[in-house]
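A structural walkthrough
Here are the chains, one letter per residue:
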Amino acid sequence: MGLVRMATPYTTQSASTSHTFHFGSTGVGNRIVLFVQSYAGVSSVSGGYDMHEWTAHTLGIRMYSKIGFGDSSVTVTTTNATDRIFIWMYELDDAEVFYTSNTGLTSGSAYLSASGLPTGCTVLLGVSVYVAGADNSTASWPGGFTHMGYTFRDWSDGGSKRVWGSTAIDEGVSGSLSLTPTLVTGLPSGSQYAWAAGVWGPNPDTTPPSVPGNLRLTAMTPTSVSVTWDASSDAGTGVSGYGVYKNASKMADQGGRTYTFSGLTSGVPYTFEVDAYDGKGNRSGKSLPLTITPIDDRTPPTTPIVRATALAAGSITVGWAEPHDESAVVAYGIYLNGQKQGADITARTRTFSGLTPGGLYTIGVDAKDLLGNRSAIGSKSVRAQPDTSPPTVPGSVRVVSATQTAITIAWDASTDDNVGLEGYGLYLGSLRIAQVGPASQVFTFTQLTPGITYNLAVDAADELGNRSAKAVAQATTLEDTSGAAPPYEYVLYDWSSHRPLDSLPLQNVSFELALGGNGQLTADIPLYDEAYTVGRVEAATRSERTMLLVYRGERFVWGGRVVDPTDYDSETGELRITVEEVIGVYGLRFVSHTGPRAGTLAHTEIDWLLEQSGGDADKRWLTTAGVPGTLAVDREYRSADYSRVLDTLADIAGAPGGFEWWVKPSWDNLADRPRMELRRVNRDAPPNSDLTLEYPGNVRKYRRSTRRGLATVTHGKLSLPDGGVLIEKVVRDDLHGAGWPKLEYAHQFEGLTSPQALKDETQRAADASRGARMVFEFELAPGSDVRWWEWELGSNAQVVITDYLYPERPDGAAGLDRMMKVISVRVTPSSDGGEQVTVTTAELTTAVDE
C-alpha cells in the first residue's frame, strides 16, 4: 500500500514546446502523481490530470494527479520552447482520494497539515532549487522522508548555473498530519527553494451495503430451489456482489441477483439467506431467512376465483386471490372469451380495455406453480359497463329458531344485474359480525345473552362493493338463570382481503391481553360437530392467513392471527388452534430508510413505521394512538440500522422516558369494520384505570410471586459533536434482575471512540429501565360489574388486601393498600360459572438494583 514505483525523471537537452514523458504502463485504478518544473509556462497536460498546486515563480513546481487506467505516458505542452523542464512521476496504490495539499517559495520552513485521515495515507513532497554561481553539494534534506533527489545538467549562459530537484515520500500516515520542517539546509546564503506537497489515501468507506430485501422463491424441482432478491444499495464504492447461504453456510459470492441451489433432498426443509458486499469488502447483514422444502409437486393449484373489481364503458378490471398450491404459484394465464391473452403474468389483477360498451365477456384465469402444473380455468361473465347498482334486498327474513344463547334466521336470495353476488352481511344491531357466501341463506347468531331482544339484519353485496339496503328482523333469546357464559361470537376474516368468512362456535376458549403485544387465544375446534362446514375448518387452519375476531355481543373485544392450527387429538376429534395478536407480524417488516427524524415524539415514530411498512390490507387492520406528554426523542436512523432495530416494533419505539404498548380492539366507523389500535402507555406516568381490586371483595382469590414478571427493553442513543452515533439495546429479565442489566449488543459508528461514552450511555439506559419487583394475580368473582374491556393495560389499579399475609392495621385500615400496574387481563368466556376474568398486576422498582 502506498508507493508502487518512481519512474526515471524526464529532462531534455532539446528546446521544444511539447514534452512527452514515457514512464511505462501503470496499474488500472492506481494514482499517478506528477511534479512538473519548467522555466516556461505550462499550457496543458494530456490525459485529464487535475492540478492541485502551483508555485507561481521561475523555480515553481506544478503538482498534478489522476486515477490511471493503464496509462504509460503523458505530454506536457509549454507556452515557449524550453529545454529547462523536469518531470517526476510517482505511482501509488490504494490512493483513491485526494485529501489536501500546499505549496510555497521559501528559504526557511514549509507547512502542511491535515486531519481526519484514514489509515495508510501517502505524502509526496517535491522540491526545486536554483543556485547561481555556486555548487549545491553541501545541501541536505529533511529527516523522516526518503530522499529521492537528482542533480541535473548545468547550463552556461554567462556564468555557472545549476538546477537541482528532489522529491520525498512519507507513507502510512493516519489520523492527522502536521509538517513544519526546513526542507533544504546548507544552501548558499540568500538561496530559495520552491516546494509542493500533497496527501492521497484510501477511500474511508466502512459502511456496508443495505440488506438485500424480498428474498423469494422463483422456481423449484424435487432437488433444487431457485431464488431472487431485490437489489441492495451502497453509498460508498457501490455494491460489488452478493453472498448466498444455505442453512447458514455460504455457497457462493456472485454479481447477479438470482441463484439456484441444487443437490437438495426432496421433502427436507432448507433455510436460505443472502447478504451484499461492496468494493471495500464491507458486508451487509443477512436478509430475512427463507425456508423452503423442495417437493415433487404434481398437484395443480386450486382454481382461481375471479372477481370483478372495476367496470366502465368498454372496460373490465378483474382480480383474484392467490390459489393454494403445494409448492407456490408463480404465474397466471389470462383468457378472454376462451382465448389466451399473451404470455402468463405474475400480477393478480388484469384490466381489459377497448371492449364494446355493454358487451358481455367471459374472463378466465388459471394458475401455474413452480413445477409447471396448471390449475383449471376459473371464469367470470361480466358486462363492460359501469355498475353502481346494488343487489336486490334479501327477501322474507324470518326467525327459524331461538335458544338461550343463539338465534337462527333465514332469508330469500338476492339477485344482481351484472357482476353477481359476493355474499351476505349479517348484523347484530349496527355491527356487521359476519359475511357469508352467495350460496348461504341461513345464519346462526351464537353466544348471545339469555332473555335479551336483539335487532338482526342481513344485506347483500356484489363484487364491486355495492350493498343493498338491510332486511331486518327482531328476536328474543330464551330466559336462562343457570349462569351460562356471556355472549361471545368468533368470526374468521381473510387477512389480505379483509373479508369476513364465517362465524366459528369454538370450545374451551381462553384469551389474554398483555403489555408488549403478547396477547394470545387458544381454543378447540370440535371437528365431529355437524355445525362445522368444510369451509369453516379450512379457514381456521390457514396459518398466518386468517384472522380470528372475538365479539362480546355487539362489541369487538379481541383480534389476532391464526399461527398454530396443528395440535389435533384423534380420540376426541378436536383441533387446538393458537391465535396471536396481529401486531406481531409487524416485527418482521423491513422499513426503508427515509432520512433523519430529529426531535420527534416517540409515538409519532410508530405512526411513521406503520406508514412505511406493510400493504394497504395491513394498514386497514392497524392504527395508533399516542400519549400526551411523551418525551421528545432525538434519533437518526441509518439504513444499516434497520436489520437490527426492527426485530420488533416494541424495540424500535423504546425511547428515553420509556413506555409500554399493547393492542386495543377498535372499530373503523368510516369503513364499518374492525381494526387494532396500537396503544402507548407512558411507563413513567401511567394512567389511572379507576379499578379497585379488593380481597376479600370483588377478588375471589389471589396469588403473589416475587419473580420479575416483566422483561424490560430499553434503547439508548448517543450523538456526539463529531457525528458519532451509538445505539444499544439493554434487556432486563429474571436472570439479570438482581444486578446490572444485560448489555445484549452495542453498535458503534464513526467518530465514537470513547469507552466512557459507552459506559455513560449504558448507565443511562439502565437507570431508565423498569422491572417488576412483585407480581400479583387476581381471580375476580364473575358478575355483571366486571367490565374488563374498559380497563387499560399499563394503567394503575388500587389494590386493597386484608388477610393473613397482610393483616388489618391497628387503625382498621387494610393491610395492603397501594397502586399497582395492570400488565395483563385473561378471560375465559366458557367457564361453568360464567365469564372468568383474571387480572395480573405488578409493583415496579424505581431504579436498578445493585
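1. Focus on the side chain of glutamate 835
If you trace the backbone, glutamate 835 turns up in the loop between strand E54 (816-828) and strand E55 (836-844). Only 2.8 Å separates the side chain of glutamate 835 from the side chain of tryptophan 788, close enough to count as a polar contact.

2. Re a negative patch on the surface
Taken together, the side chains of Asp564, Asp567, Asp569, Glu571 and Glu580 define an acidic patch exposed on the protein surface. If you tally residues by element for the negative patch, the top one is strand E40 (residues 555-569), at 3 residues. Here aspartate 569 shows up in strand E40.

3. Digging into the side chain of serine 38
By the secondary structure assignment, serine 38 is in strand E3 (residues 31-38). One polar contact links the side chain of serine 38 to the main-chain carbonyl oxygen of alanine 40, over a distance of 2.8 Å. Residue contacts for serine 38: discarding those within four places in its chain leaves Thr58, Gly60, Thr78, Thr82, Arg84 and Ile85.

4. Points about the environment of arginine 561
Residue placement: arginine 561 occurs in strand E40. Overall, arginine 561 belongs to the buried group, its relative accessible area being 11%. The sequence separation of arginine 561 and threonine 578 amounts to 17 residues, and the corresponding C-alpha distance is 8.5 Å.

5. Here's the deal with the pattern of salt bridges
Once their charged atoms are close, side chains differing in charge can pair, the charge on each being opposite to the other. If you walk through the whole model with that rule in mind, you get 23 salt bridges. Taking the shortest distance from any N to any O, the salt bridge between aspartate 94 and lysine 280 comes out at 3.5 Å. Within this pair, whereas aspartate 94 is found in the loop between strand E8 (85-93) and strand E9 (97-106), its partner lysine 280 is found in the loop between strand E19 (270-278) and strand E20 (290-292), the two being separated by 186 residues in sequence. Residue lysine 280 pairs with glutamate 96 through a salt bridge whose shortest N-O separation is 3.0 Å. Placement of lysine 280 in the loop between E19 and E20 and of glutamate 96 in the loop between E8 and E9 is noted, with a sequence separation of 184 residues between them. Look at glutamate 96 and you get partly exposed, because its relative accessible area is 36%. Through salt bridges that share partners, Lys340, Asp344, Asp366, Lys368 and Arg374 make up one connected network.

The rules we used
Residues numbered from 1 in each chain as written. Predicted model: local features only at pLDDT ≥ 70, side-chain atom pairs only at ≥ 80, totals over all residues. Heavy atoms only, no water. Helix = DSSP H or I, 4+ residues; strand = E, 2+ residues; numbered from the N terminus. Polar contact = N/O pair within 3.5 Å; in protein donor to acceptor, adjacent residues only side chain to side chain. Patch = residues over 30% accessible without salt bridge, like charges linked within 9 Å, V, L, I, M, F, W, Y side chains within 5 Å. Areas by Shrake-Rupley, 256 points an atom, 1.4 Å probe, with all protein chains shown as cover. Salt bridge = Lys/Arg side-chain N within 4 Å of Asp/Glu carboxyl O. Lys, Arg positive; Asp, Glu negative; His and termini not counted. Charge placed at Lys NZ, Arg CZ, Asp CG, Glu CD. Contact = heavy atoms within 4.5 Å. Buried < 20%, exposed > 50% of the residue type's maximum accessible area, 1.4 Å probe, protein only.

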